[in-house]
Amino acid sequence: MNRVPLLDLQAQYAPLREEIRRAIDRVCDSQHFILGPEVAAFEEEVAAFCRVKFAIGVSSGSDSLLVSLMALGVGPGDEVITTAFSFFATAGAIARVGARPAFVDIDPNTFSLQADAVAGCVTKRTKAILPVHLFGRCAEMEPILTLVCR
């Protein structure tokens, strides 16, 4: 029986392999394993791509979630709306800052938060909405942004 893989990392890696290997070699040759010119260049490129002044590279996606929640001042007594259909680090980062995850349903076609479910979950304790982009597909942000930009 042929099986369709859930995620084909080799297909994603193959076209980028040489560029990635060159970057790894530059880091190893420089011995700048923490911060350094490669991280600075990465941060500048991401900021330019996102059309913002600054971007900060962190060690992992888990840390990026944690740092983002901390920057927003999310803490004890707060709720963060998110999905359970994610890596455990999503709910873990919320718990780590002392907040409570408020899980909502996902759209079965996109696997992302259902905007109407998010709208029904917002309370006075809601401090943030943490959508999850999965499988190379971004969550539908427009309806979610309309909830927070009212």
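Here the residue numbers are simple positions, counted from 1 along each chain's written sequence. This being a predicted model, a pLDDT of at least 70 is required before a residue's local features are given, and a value of 80 or more before pairs of side-chain atoms are given or counted; all residues contribute to the totals for chains, interfaces and linings. Side-chain measures were taken over the full set of non-hydrogen atoms in the model, leaving aside hydrogen atoms and water.

*Asks:* Describe the pattern of salt bridges, naming the residues involved and giving the relevant values.
*Replies:* In what follows, salt bridge is the name for a side-chain nitrogen of Lys or Arg lying within 4 Å of a carboxyl oxygen of Asp or Glu. Going through the model one piece at a time under the given rule, you end up with three salt bridges. Across the pair Glu18 and Arg17 runs a salt bridge, and its minimum N-O distance is 3.1 Å. With a 1.4 Å probe rolled over the protein chains alone, any residue whose accessible area is under 20% of its type maximum counts as buried; one over 50% counts as exposed, and the rest are partly exposed. Judged by its relative accessible area of 47%, Glu18 falls in the partly exposed class. Across the salt bridge formed by Glu79 and Arg100, the nearest N and O atoms sit 3.3 Å from each other. Of the two residues, Glu79 sits in strand β1 (residues 79-82) while Arg100 sits in strand β2 (residues 100-103), which places them 21 residues apart along the sequence. For Glu79, a relative accessible area of 8% puts it in the buried group. Going along the chain from the N terminus, every DSSP run of H or I of four or more residues is numbered as a helix, and every run of E of two or more is numbered as a strand.

*Asks:* So what's going on with unusual backbone geometry? Residues and values would help.
*Replies:* One non-glycine residue, Leu35, adopts positive backbone phi at about 60 degrees. Among the secondary structure elements, Leu35 is positioned in the loop between α2 (17-30) and α3 (36-50). One non-glycine residue, Phe111, adopts positive backbone phi at about 65 degrees. Note on placement: Phe111 falls in the loop between β2 and α6 (115-119). With a relative accessible area of 30%, Phe111 lands in the partly exposed category.

*Asks:* Report on the nonpolar core, specifying residues and quantitative values.
*Replies:* The criterion is simple. A nonpolar core is a set of buried Ala, Val, Leu, Ile, Met, Phe, Trp, Tyr and Cys residues joined through side-chain atoms within 4.5 Å. Core analysis: the biggest nonpolar cluster contains twelve residues, these being Leu65, Leu66, Leu69, Val74, Val80, Ala89, Ala93, Ile94, Val97, Ala99, Ala128 and Leu130. Any two residues whose heavy atoms approach within 4.5 Å at even a single point are treated as in contact. In this structure Ala89 touches Ser62 and Leu65, once residues within four positions along its chain are discounted. Counting nine residues, the second-largest nonpolar core is a separate cluster that includes Ala102, Leu113, Ile129 and Ile144.

*Asks:* Give me a nonpolar patch on the surface: which residues, what numbers.
*Replies:* Patch definition: residues with relative accessible area over 30% and no salt bridge; like charges joined within 9 Å; nonpolar side chains (Val, Leu, Ile, Met, Phe, Trp, Tyr) joined within 5 Å. Here, Shrake-Rupley sampling with a 1.4 Å probe gives the accessible areas, and only protein chains in the shown set may cover a residue. On the surface, Leu6, Leu7, Leu9, Phe85, Phe111 and Phe135 cluster together to form a nonpolar patch covering roughly 600 Å² of accessible area. Mapped onto the elements, Phe135 comes out in the loop between β3 (126-129) and α7 (141-148). Owing to a relative accessible area of 40%, Phe135 belongs among the partly exposed residues under this scheme.

*Asks:* Could you give me a rundown of α2, with the residues and numbers involved?
*Replies:* Multiplying 1.5 Å by the helix residue count minus one yields the expected span of that helix. Here α2 contains 14 residues, and its C-alpha end-to-end distance of 20 Å stays within 8% of the 20 Å for a straight helix at 1.5 Å per residue. Positive phi appears at Gln31, one or two residues downstream of α2, with a value of about 65 degrees.

*Asks:* An account of the environment of Lys53 is requested, with residue identities and associated values reported.
*Replies:* Secondary-structure assignment places Lys53 in the loop between α3 and α4 (61-71). Separated by 15 residues in the primary sequence, Lys53 and Ser68 place their C-alpha atoms 16 Å from one another.

*Asks:* Go over the packing of aromatic side chains with me, naming the residues and quoting the values.
*Replies:* Each aromatic ring pair is summarised here by two numbers: the centre-to-centre distance and the angle between the ring planes. Here is the rule: rings of Phe, Tyr and Trp (six-membered ring for Trp) pair when centre to centre is within 6.5 Å. Planes less than 30 degrees apart are stacked, more than 60 are edge-to-face, and the remainder are tilted. As enumerated under the stated definition, the model contains two aromatic pairs in all. A ring pair is formed by Phe87 and Phe88, whose centres lie 4.4 Å apart and whose planes are at 40 degrees; its orientation type is tilted. For Phe87, a relative accessible area of 55% gives the class exposed.

*Asks:* How would you summarise the sheet that holds β1 if you had to cite specific residues and measurements?
*Replies:* Think of a sheet as strands paired side by side through backbone hydrogen bonds, with each pair either parallel or antiparallel. Pairing between two strands requires that DSSP report at least two bridges joining them. As summarised here, the arrangement of the three strands in space is β2-β1-β3, forming an open sheet in which the pairing is parallel. The sheet is open, and its two borders are formed by β2 and β3, each paired with just one other strand. For this sheet the average axis-to-axis angle between neighbouring strands, irrespective of direction, equals 30 degrees. Both β1 and β2 contribute to a ladder of four bridges, which runs parallel. Bridge pairing in β2 links Glu79 to Arg100. The axes are straight lines fitted to the C-alpha atoms, using for helices just the contacting stretch, and the angles between their N-to-C directions are given from 0 to 180°.

Honestly, that's just the spatial picture; any functional story needs more than this.
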